[in-house]
Amino acid sequence: MFRKRGPKMTDDQHKPTDSTEAAAKTVTEDGLDVPDTETDNMAEDAETAFPGMDGLDEGMLGQVQEMMAKLERADELEKENADLKGRLARLATDFDSYRRRTQEDVNAAQGQGVSKAAEALMPVYDDMDRAVTMGAADPAKLIPGMQAVQGKILGVFGSLGLEATGKEGEAFDPQWHEALQVVPGDEDDVIVQVYQLGFRMGDRLVRPARVVVSRKG
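Residues numbered from 1 in each chain as written. Predicted model: local features only at pLDDT ≥ 70, side-chain atom pairs only at ≥ 80, totals over all residues. Heavy atoms only, no water.

Since there are 3.6 residues in each turn of an α-helix, residues three or four apart along the chain are aligned in direction. The end-to-end C-alpha distance of helix α4 (residues 58-137) is 117 Å, a good match for the 118 Å that 80 residues give at a rise of 1.5 Å each. By the largest-angle criterion, leucine 121 marks the main kink of α4, which is about 30 degrees, and a proline, proline 123, follows within four residues. Listing the buried residues of α4 in full gives Leu61, Val64, Ser97, Val124, Asp127, Ala131 and Gly135. (Helix = DSSP H or I, 4+ residues; strand = E, 2+ residues; numbered from the N terminus. Expected span 1.5 Å × (residues − 1). Bend = angle between axes of the 7 residues up to and from the residue. Buried < 20%, exposed > 50% of the residue type's maximum accessible area, 1.4 Å probe, protein only.)

Per the stated rule, a full pass over the model turns up 9 salt bridges. Among the ionic pairs, aspartate 96 bridges to arginine 100, the shortest N-O distance being 3.3 Å. With aspartate 96 and arginine 100 both in helix α4 and 4 residues apart, this pair spans about one turn of that helix. A residue is classified by how much of its surface remains accessible, and aspartate 96, at 33% relative accessible area, is partly exposed. Close ionic contact of aspartate 127 with lysine 152 constitutes a salt bridge, the shortest N to O distance being 2.5 Å. Linking aspartate 127 in helix α4 with lysine 152 in helix α5 (residues 142-159), this pair joins segments that are 25 residues apart in sequence. (Salt bridge = Lys/Arg side-chain N within 4 Å of Asp/Glu carboxyl O.)

Let us now look at the sheet that holds strand β7 (residues 204-207). Pairing within the open sheet is antiparallel, and its 3 strands lie in the order β3-β6-β7. Every interior strand has two partners, whereas the edge strands, β3 (163-165) and β7, have only one. Within the sheet, the average angular offset between the axes of one strand and its neighbour, ignoring direction, is 40 degrees. Note: strand β6 (residues 198-201) against β7, 3 bridges, orientation antiparallel. (Pairing = 2+ DSSP bridges. Axes fitted to C-alpha atoms, helices over the stretch in contact; angles between N-to-C directions.)

On to the sheet that holds strand β5 (residues 191-196). Strand order in this open sheet of 3 strands is β4-β8-β5, and the pairing throughout is mixed. Taken across any chain shown, the strands that pair with only one partner, and hence form the sheet edges, are β4 (177-185) and β5. Between one strand axis and the next, the sheet turns through 25 degrees on average, direction left out of account. Of the strand pairs in this sheet, β4 and strand β8 (residues 209-216) are connected by 8 bridges, and their pairing is parallel. Residue pairing across strands places glutamate 178 opposite arginine 210, the latter belonging to β8.

Do not read the predicted coordinates in detail wherever pLDDT is low. Predicted confidence across the chain gives a mean pLDDT of 77, with 74% of residues reaching 70 or more. Contacts for the low-pLDDT stretch residues 1-10, under 50 throughout, to residues beyond four places or in other chains number 2 contacts. Between residues 12-39, whose pLDDT stays under 50, and residues either more than four places distant or in other chains, the model counts 13 contacts. (pLDDT = per-residue confidence, 0-100. Contact = heavy atoms within 4.5 Å.)

Turning our attention to unusual backbone geometry. Its identity as a non-glycine residue notwithstanding, aspartate 189 has a phi of 55 degrees, on the positive side. Since its relative accessible area comes to 33%, aspartate 189 is described here as partly exposed.

With that settled, consider the packing of α4 against α5. Each packed pair of helices is defined by two parameters, the angle between the axes and the distance between the axes. Packing of α4 against α5 leaves a shortest axis separation of 8 Å and a crossing angle of 175 degrees. Considering their axes alone, α4 and α5 lie roughly antiparallel with respect to each other. Residue-level inspection shows Ala120, Leu121, Pro123, Val124, Asp127, Met128, Ala131, Val132 and Gly135 of α4 in contact with α5, the latter providing Leu142, Gly145, Met146, Val149, Lys152, Ile153 and Val156. (Parallel < 35°, antiparallel > 145°, perpendicular 65-115°, else oblique.)

On to the packing of aromatic side chains. Applying the stated criterion across every chain, the model contains 1 aromatic pair. When the centroid spacing of 5.1 Å and the interplanar angle of 80 degrees are considered together, the rings of phenylalanine 157 and phenylalanine 199 count as edge-to-face. Note that phenylalanine 157 is positioned in helix α5 and phenylalanine 199 in strand β6, a separation of 42 residues in sequence. Look at phenylalanine 157 and you get partly exposed, because its relative accessible area is 23%. (Phe/Tyr/Trp six-rings, centres within 6.5 Å; stacked < 30°, edge-to-face > 60°.)

Attention now moves to α5. The terminal C-alpha atoms of α5, which comprises 18 residues, lie 26 Å apart, in line with the 26 Å expected from a rise of 1.5 Å per residue. Taken residue by residue, α5 has Gly145, Val149 and Val156 as its buried positions. Buried residues along α5 cover an arc of 40 degrees about the axis, so they all sit on one side. Exposed and oriented more than 90 degrees from the buried face of α5 are Ile143, Gln147 and Gln150. Packing partners of the buried residues in α5 comprise α4. Directly beyond the C-terminal end of α5, a positive phi value near 95 degrees is found at glycine 161. (Arc of directions from axis to C-beta.)

What follows is the structure, given as structure tokens:
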């Protein structure tokens, strides 16, 4: 006798349903059933970020994780920004203190320089005072006394680094001299008269000499 067979199952009926796949577990080589932890963690992250949205697929879960990473990066950038602002404020305070100390040092140096210059000129004043006193009694002695004072002043200027320029017979140099007048002469560009002596300090002009210059006619 032949047994009556039931209806033949199609290929679709052999395939597991979606619910069966969702409930499936990973089987290791030792035969142990292990839950799919990666999917569970993604779901937990999504549930934490968006409570109640536990039906997200893997693509949406990836977008959520990416958004969470960007939010964490934004927090880090905000902390870095606050740290930079604090450092900038401290730097500005330090620079202001440095500028104030530097200005105080400059003022002290200027005051010390003025004091030294005045101290160097005091003997010149004493000589000038004696020359005027002697000239009042004997005018013939006044001119030699004033010439001596001039020489001492030039010596003081030399000790301060100043060099006189613009003497008679010197070649005219527009870098150091200012020509007030040009007169006929035997040579070109020679100083023949000095109205005001000039001074230089190294390569820096302190005051130009005002002179009369010759020009061959």
